[in-house]
Amino acid sequence: SSLITDAAGTTNINGGLIRTTGAQTFNDPVTVGTAATVFESTSTGSITFAQTLNGAQAVTVNTAGSTIFNGNVGNSAQLSSLITDAAGTTNINGGLIRTTGAQTFNDPVTVATAPVAQATIGSTQFVSTNNGAITFNNTLGGNNDVAVNTAGVTYFQAAVGGGQTALASLTTDSAGSTIVNGGL
């Protein structure tokens, strides 16, 4: 079965695991409060965060469907890390993914053409504020500007723009290093 929250109020996740056979749709802002929080659909249900996702915790999202971030992630309380599984896809529509540690995207990532937050930040940004690696283990695409900022290592393990819409631009910061193993 599925899980849907309304748009009014907030959702606080303090149990560590949200598992459904169907979709999960969080229409209100979500805050995670458990050291490791897993959102999981055991089928192909989409997991959608319609607004922000915050909390100084590790978050893993597992679904053979779509993982959708329509709001900013880590804008008021940075996640400690973020991992998506290899099945399915990830859509970044909010414009900002910010963690203190690592970000690992194991499935294809598509950034929105005009993210919700683009008016304030100007591009889709992947940020680790504490030297965490930012890893794209599958393709990265979408007709938008993308900035990847970490003093750690940025990994592109698959083609950027390959099999998807080419990025408008790609920028990495001068701190850390960038390893391209999948082509651009």
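So, how was this worked out
Residues numbered from 1 in each chain as written. Predicted model: local features only at pLDDT ≥ 70, side-chain atom pairs only at ≥ 80, totals over all residues. Heavy atoms only, no water. Helix = DSSP H or I, 4+ residues; strand = E, 2+ residues; numbered from the N terminus. Buried < 20%, exposed > 50% of the residue type's maximum accessible area, 1.4 Å probe, protein only. Contact = heavy atoms within 4.5 Å. Areas by Shrake-Rupley, 256 points an atom, 1.4 Å probe, with all protein chains shown as cover. Pairing = 2+ DSSP bridges. Axes fitted to C-alpha atoms, helices over the stretch in contact; angles between N-to-C directions. Core = buried A, V, L, I, M, F, W, Y, C linked by side-chain atoms within 4.5 Å.

Asker: So what about the overall build of the protein chain? Which residues, and what values?
Answerer: Check the secondary structure of the protein chain and you find one helix and 22 strands. Dimensions of the protein chain, computed from the C-alpha atoms along their principal axes, are close to 40 × 30 × 30 Å. Evaluated residue by residue, the protein chain yields a buried proportion of 47% over its 184 residues. Of the contacts formed within the protein chain by residues at least 6 apart in sequence, a portion of 31% connects residues at least 24 apart. If you sum the accessible surface of the protein chain, you get close to 7100 Å²; carbon and sulfur atoms cover 50% of it.

Asker: Now, about the pairing of strand 3 (residues 17-20): what can you tell me, with residues and values included?
Answerer: Across the two faces of strand 3 the burial differs, with Ile 18 and Thr 20 buried and Leu 17 and Arg 19 not buried at all. Here strand 3 pairs with strand 6 (residues 36-41) via four bridges, running parallel. Across the sheet, Ile 18 pairs through a bridge with Phe 39, a residue of strand 6.

Asker: Describe the sheet that holds strand 6, with residues and values.
Answerer: On the basis of which strands lie adjacent, the open sheet formed by eight strands has the order 3-6-9-11-14-17-20-22 and parallel pairing. Each of the sheet's edge strands pairs with one partner strand only, and the pair in question is strand 3 and strand 22 (177-180). Here the strands of the sheet are splayed against their neighbours by 10 degrees on average, with no regard to which way each runs.

Asker: How would you explain the pairing of strand 9 (residues 58-62) if you had to name every residue and give the values?
Answerer: Among the five residues of strand 9, five are classified as buried, and the element is accordingly described as predominantly covered. Both faces of strand 9 are covered, namely the face carrying Ala 58, Thr 60 and Asn 62 and the face carrying Val 59 and Val 61. By the bridge criterion, four bridges tie strand 9 to strand 11 (residues 81-84) in an arrangement that is parallel. The partner of Ala 58 across the bridge, within strand 11, is Ser 81.

Asker: Which residues make up the nonpolar core, and what are the values?
Answerer: Residues Phe 39, Phe 49, Leu 53, Phe 69, Phe 126 and Phe 136 are the most contacted members of the largest nonpolar core, which totals 29 residues. Counting residues per element, the ones that place at least two in this core are strand 5 (30-32), strand 7 (47-49), strand 9, strand 15 (109-111), strand 17 (134-136) and strand 19 (145-149). Discounting chain neighbours no more than four positions away, the residues touching Phe 69 are Phe 49, Leu 53, Val 61, Leu 82, Thr 90, Asn 91, Ile 92, Asn 93, Gly 94 and Ile 97.

Asker: Just give me the short version of unusual backbone geometry, but keep the residues and values in it.
Answerer: In the Ramachandran plot, Asn 131 falls in the positive-phi region, its phi being about 70 degrees despite a non-glycine side chain. In this fold, Asn 131 is placed in the loop between strand 16 (124-128) and strand 17. By relative accessible area, which is 49% here, Asn 131 ends up partly exposed.

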